[in-house]
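Take a look at the letters that make up each chain.
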Protein chains: 2
Amino acid sequence: MARQVFYISDGTAITAEVFGHAVLSQFPLEFNALTIPFVETVEKAHEVVADINESFITTGERPLVFHSIVSPEIRDVIYGSEGLDHDFLNTFVAPLEQQLGVSAKPVMHRTHSIANETYDGRIEAIHYALDNDDGQTLKNFDKADLILLGVSRCGKTPSSLYLSMQFGIKVANYPFVEDDMDNLKLPPALQAQKHKLFGLTINPARLHEIRQNRMNNSRYSSMRQCRTEVQEVEMMYKKLRIPYVDTTNKSVEEIATKILAETGLERHMF
Amino acid sequence: MARQVFYISDGTAITAEVFGHAVLSQFPLEFNALTIPFVETVEKAHEVVADINESFITTGERPLVFHSIVSPEIRDVIYGSEGLDHDFLNTFVAPLEQQLGVSAKPVMHRTHSIANETYDGRIEAIHYALDNDDGQTLKNFDKADLILLGVSRCGKTPSSLYLSMQFGIKVANYPFVEDDMDNLKLPPALQAQKHKLFGLTINPARLHEIRQNRMNNSRYSSMRQCRTEVQEVEMMYKKLRIPYVDTTNKSVEEIATKILAETGLERHMF
């Protein structure tokens, strides 16, 4: 039976979830996770404790309680539950206060910066990615920080969006399609920005699987077409010395961070 | 002078960054962060330790080292640096082994699931969000988990993309524009999906600021137009009992998690 886990925060609980997920994924067990964000009042905190205690009674097992709570008052209420506490934030704050010689000044909602200047940069990057997706226009490549290339369905759009959303990077992307394959080359708009180009490739069998889901039993999705396209594009990457990464079996996070690591573009957390 | 911080991982380092950021944002200090992902070999780990030690020599201050490293061998190398260690993963793994009565089985890259079934669901959600953005088509609302409404530039697109990318939720969005304002009502395609509707609103002054950046000194961006549109749309939300949230001064994370909390849609981490 799956072990019950609670992720609790006085904010969005994203930090608690990301971290709890990372820790629990090291264990070969099933977990049933419930996320409770915005626990901003003592009253709500008591309701949460009641839920945790009820879970203990119902299942007979103490639930795991991962919390990332800024307010000491609310944290104290949560400590009082029958669950097994794992205090993400506080475990590290006290040692850091010693090391930095400065007291923490707990302020809720500071984790995701909404200072308008940096935030607008992020929204701008998202809109840039959307407006310059899939070779819709070739006019704005001069404004790009990065331009992703690759065959249809190899992961260009999700990677562009992730990079823009998480890191505020302006990413355009450009597809190589069936008709390009006989004489595959970079259009002038891309040649002019060669230093910004980064290629994606993919295992042809995986591409075939993905394309079958989109357009079953078409030439577009045939193994032969997938193999041809991947081979031609990889040959071009090598010939033109365009760095590239294989997206097969990689999550969007892994693809995006690999690209950043290889290009040296900066990662700014928001 | 800003304190040097290193985020180190044998994976994408996203967990280390998100968590380090949350912890450090509690302190009223400037930090200069460097993220080093994919430290997958002992050799690379030694190079990182050299960088950390050099930072100590250069700045005279021990850098903070936040690491989320699965491999015990690589972790041991990193422990040997002159920096101040904060071991995100291991601090919680040992107590959990006791509580769960099970040993951790450290496997790299498990944090972001790439099991094809769940992963394809996420990519599908991203493509759904893109294809059904901004009222481009009214034909697929039956497939949506959620449909966001609101005036132009109140945050519908970034919120839709974030929800699809982070949680695999299918989100369409629909804009109310200037011409709608005289007789504002829901088109039939939206009326048919009323239970899926969720509204966004925004402070008119903030909307004005955002629109000025996009199209300066136009009627679209005038305070009067912004005020009118916001008022009309909020009146409609109230009249039709459509739940809504104010996006002013909220990050995409906060908007998205607020929507999920209010609608009760499930958050599945990937």
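Residues numbered from 1 in each chain as written. Chains lettered and ligands numbered in written order. Predicted model: local features only at pLDDT ≥ 70, side-chain atom pairs only at ≥ 80, totals over all residues. Heavy atoms only, no water.

The next subject is the pairing of strand β2 (residues 31-36) of chain A. Residue and element names in this part refer to chain A. Note: strand β1 (residues 3-9) against β2, 6 bridges, orientation parallel. From the neighbouring strand, V5 faces β2, where its bridge partner is A33. Crossover connection from β1 via helix α1 (residues 14-24) to parallel β2: handedness right-handed. (Pairing = 2+ DSSP bridges. Helix = DSSP H or I, 4+ residues; strand = E, 2+ residues; numbered from the N terminus. Right-handed = clockwise from strand over helix to strand, strands pointing away.)

This next bit is on the environment of F19(A). With respect to the helices and strands, F19(A) occurs in helix α1. When the C-alpha positions of F19(A) and P188(A) are compared, they lie 45 Å apart, and in sequence the two are 169 residues distant. Discounting residues that sit within four places of it in the chain, F19(A) has contacts with F88(A), T15(B), F19(B), F88(B), L89(B) and F92(B). (Contact = heavy atoms within 4.5 Å.)

Residue and element names in this part refer to chain A. With respect to the secondary-structure elements, D133 resides in the loop between α5 (116-131) and β5 (146-151). Buried D133, no salt bridge; nearest opposite-charge side chain is K156, N-O distance 7.4 Å. Looking at D133, its side chain comes within polar contact range of the side chain of N173, at 2.7 Å. Every residue in contact with D133, bar those within four places of it in the chain, is listed here: T157 and N173. (Buried < 20%, exposed > 50% of the residue type's maximum accessible area, 1.4 Å probe, protein only. Lys, Arg positive; Asp, Glu negative; His and termini not counted. Salt bridge = Lys/Arg side-chain N within 4 Å of Asp/Glu carboxyl O. Polar contact = N/O pair within 3.5 Å; in protein donor to acceptor, adjacent residues only side chain to side chain.)

Under the domain assignment used here, chain A contains domain 1 (3-100) and domain 2 (119-263). A C-alpha centroid distance of 39 Å is found between domain 1 of chain A and domain 2 of chain A. (Domains from an automatic or database assignment.)

Moving on to the relation of the copies chain B and chain A. When chain B is fitted to chain A, the best match, at an RMSD of 0.0 Å, comes from turning it 180° and sliding it 0.0 Å along the axis. In the structure described here, the two chain copies are related by an operation that fits a two-fold rotation axis. Considering only C-alpha atoms, the part of chain B nearest the rotation axis is F19(B), at 3.4 Å. Of the residues that chain B buries at the interface, 100% are likewise interface residues in chain A, meaning the two copies contact each other through the same surface. (Least-squares fit on C-alpha atoms with pLDDT ≥ 70 in both.)

Membership of the largest hydrophobic core comes to 94 residues, with the highest contact counts inside it found for L149(A) and L149(B). Of all hydrophobic cores here, the second largest spans 38 residues; its members include L64(A), Y7(B), V23(B) and L96(B). (Core = buried A, V, L, I, M, F, W, Y, C linked by side-chain atoms within 4.5 Å.)

Looking now at the sheet that holds strand β2 (residues 31-36) of chain B. Residue and element names in this part refer to chain B. Strand order in this open sheet of 4 strands is β2-β1-β3-β4, and the pairing throughout is parallel. Of all strands in the sheet, those with a lone pairing partner are β2 and β4 (84-87), marking the two edges. Strand-to-strand twist of the sheet, defined as the mean angle between neighbouring strand axes without regard to direction, takes the value 20°. Taken together, the 5 bridges between strand β1 (residues 3-9) and strand β3 (residues 64-68) define a ladder with parallel strand orientation. From the neighbouring strand, V5 faces β3, where its bridge partner is L64. Against the sheet, helix α2 (residues 42-59) contacts β1, β2 and β3, and its axis sits at roughly 170° relative to β1. (Axes fitted to C-alpha atoms, helices over the stretch in contact; angles between N-to-C directions.)

Let's shift gears to the pattern of salt bridges. Any two side chains of opposite charge can pair, so long as their charged atoms come close to each other. Residue and element names in this part refer to chain A. Using the criterion set out here, one finds 16 salt bridges over all chains in the structure. Across the pair D87 and R75 runs a salt bridge whose closest N-O atoms are separated by 3.8 Å. Of this pair, D87 sits in strand β4 (residues 84-87) while R75 sits in helix α3 (residues 72-79), and the two are 12 residues apart along the sequence. For the residue pair D87 and R75, the accessibility class agrees, reading buried in each case.

As a further point, take unusual backbone geometry. Residue N249(A) is not a glycine yet carries a positive backbone phi of 60°. Of note, N249(A) is situated in the loop between β8 (244-246) and α10 (252-263). Residue N249(A) is classed as partly exposed on the basis of its relative accessible area, which comes to 47%. The phi torsion at F38(B) lies on the positive side, around 55°, for a residue other than glycine. Here F38(B) shows up in the loop between β2 and α2.

Residues of chain A with pLDDT of at least 70 account for 94%, and the chain-wide mean is 90. As scored by the predictor, the complex reaches a pTM of 0.78 and an ipTM of 0.75. (pLDDT = per-residue confidence, 0-100.)

As a further point, take the packing of helix α8 (residues 204-214) of chain B against helix α9 (residues 223-239) of chain B. All names here are of chain B. Where α8 contacts α9, the axes come no closer than 9 Å and their chain directions differ by 125°. With respect to α9, the axis of α8 lies oblique. The interaxial crossing formed by α8 with α9 has right-handed handedness. Every residue of α9 that contacts α8 at P204, A205, L207, H208 and R211 is listed here: M223, Q225, C226, R227, E229 and V230. Taken together, the residues of the contact of α8 with α9 sort by class into 6 nonpolar, 2 polar and 3 charged. (Parallel < 35°, antiparallel > 145°, perpendicular 65-115°, else oblique. Left-handed = near helix turned anticlockwise from the far one by under 90°. Nonpolar A, V, L, I, M, F, W, Y, C, P; charged D, E, K, R; others polar.)

To continue, consider the interface of chain B and chain A. The parts lose accessible area when they come together, and the size of an interface is often stated as this lost area. Opposite the 82 residues of chain B that make contact, chain A presents 82 residues. The contact between chain B and chain A buries some 7500 Å² in all, and 66% of this surface belongs to carbon and sulfur atoms. Across the contact surface, chain B and chain A share 2 salt bridges. With its nearest N and O atoms 2.8 Å apart, the salt bridge here joins R122(A) to E253(B). Run the count over chain B and chain A and you get 6 residue pairs in polar contact (both at pLDDT 80 or more). Tallying contributions element by element places helix α4 (residues 88-100) of chain B first for the side of chain B that touches chain A, with 10 residues. Of the residues in the side of chain B that touches chain A, the class split is 42 nonpolar, 21 polar and 19 charged. (Buried area = accessible area lost by both parts, 1.4 Å probe.)

To continue, consider the UniProt feature "binding site: ADP" (unreviewed entry) in chain A. Residue and element names in this part refer to chain A. Following the UniProt record, the feature "binding site: ADP" (unreviewed entry) maps to G150, V151, S152, R153, C154, G155, K156 and T157 here. Checked against the element boundaries, V151 lands in strand β5. Among the residues examined, V151 registers a relative accessible area of 3% and is labelled buried. Setting aside residues up to four positions removed in sequence, V151 forms contacts with K156, F176, M181, L207, R211, E229, V230 and V233. Tracing the backbone shows S152 in the loop between β5 and α6 (156-167). (UniProt positions renumbered as here; feature names shortened; annotations may be inferred.)

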